Amino acid sequence: MLLRLIVLALVVANAGYFLWARGDLAGFGLVPASALEREPQRLNTQIRPELLQVRPAPAETDTSAEPPEPSGSEPAR
């Protein structure tokens, strides 16, 4: 009986945390800090967002032919 009570308490605690983390308990005044930092409020706090540039990823080179040569004057052992 005690084990069932412990499992039930853990399930209720997990459900409560899940609802709090999603912000569903905001009506009760329980709001996580991350829920207050969502868009568009965060856009207003950006500094010079017009400087942001999206660039394509560099092309991958074919490295399957041979391993690179070790650097230095001594041969690798």
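Definitions and cut-offs
- Residues numbered from 1 in each chain as written.
- Predicted model: local features only at pLDDT ≥ 70, side-chain atom pairs only at ≥ 80, totals over all residues.
- Heavy atoms only, no water.
- Helix = DSSP H or I, 4+ residues; strand = E, 2+ residues; numbered from the N terminus.
- Buried < 20%, exposed > 50% of the residue type's maximum accessible area, 1.4 Å probe, protein only.
- Areas by Shrake-Rupley, 256 points an atom, 1.4 Å probe, with all protein chains shown as cover.
- Patch = residues over 30% accessible without salt bridge, like charges linked within 9 Å, V, L, I, M, F, W, Y side chains within 5 Å.
- Salt bridge = Lys/Arg side-chain N within 4 Å of Asp/Glu carboxyl O.
- Expected span 1.5 Å × (residues − 1).
- pLDDT = per-residue confidence, 0-100.

Observations regarding the overall build of the protein chain
Counting secondary structure elements, the protein chain contains three helices and zero strands. Of the regular secondary structure in the protein chain, the N- to C-terminal order runs α-α-α. Counting across all 77 residues of the protein chain, residues that qualify as buried make up 3%. When the accessible surface of the protein chain is totalled, it reaches about 7,900 Å², and 61% of it is carbon and sulfur.

Topic: a nonpolar patch on the surface
There is a patch of nonpolar side chains on the surface, built from Leu2, Leu5, Ile6, Leu8, Leu10 and Val12 and spanning about 610 Å² of accessible area. Within the fold, isoleucine 6 resides in helix H1 (residues 2-22). Look at isoleucine 6 and you get partly exposed, because its relative accessible area is 43%.

What to know about unusual backbone geometry
Of note, the phi angle at arginine 48 is positive, near 50 degrees, even though the residue is not glycine. By secondary structure assignment, the location of arginine 48 is in the segment after helix H3 (41-44). Looking at arginine 48, the relative accessible area reads 52%, which means it is exposed.

A look at H1
Taking 1.5 Å per residue as the helical rise, H1 with its 21 residues ought to reach 30 Å, and the 30 Å between its terminal C-alpha atoms agrees with that figure. Of the residues trailing H1, glycine 23 is marked for its positive phi of about 90 degrees.

As for the pattern of salt bridges
Pairing between side chains of opposite charge can happen when the charged atoms of each approach one another. Enumeration over the complete set of coordinates arrives at one salt bridge. As a salt-bridge pair, aspartate 24 and arginine 22 come within 3.1 Å of each other at their nearest N and O atoms.

Some thoughts on the confidence of the model for the protein chain
For the protein chain, per-residue confidence averages 79 on the pLDDT scale, and residues scoring 70 or more make up 68% of the total. Within the protein chain, no element has a lower average pLDDT than helix H2 (residues 33-36), which sits at 66, and none a higher one than H1, at 95.

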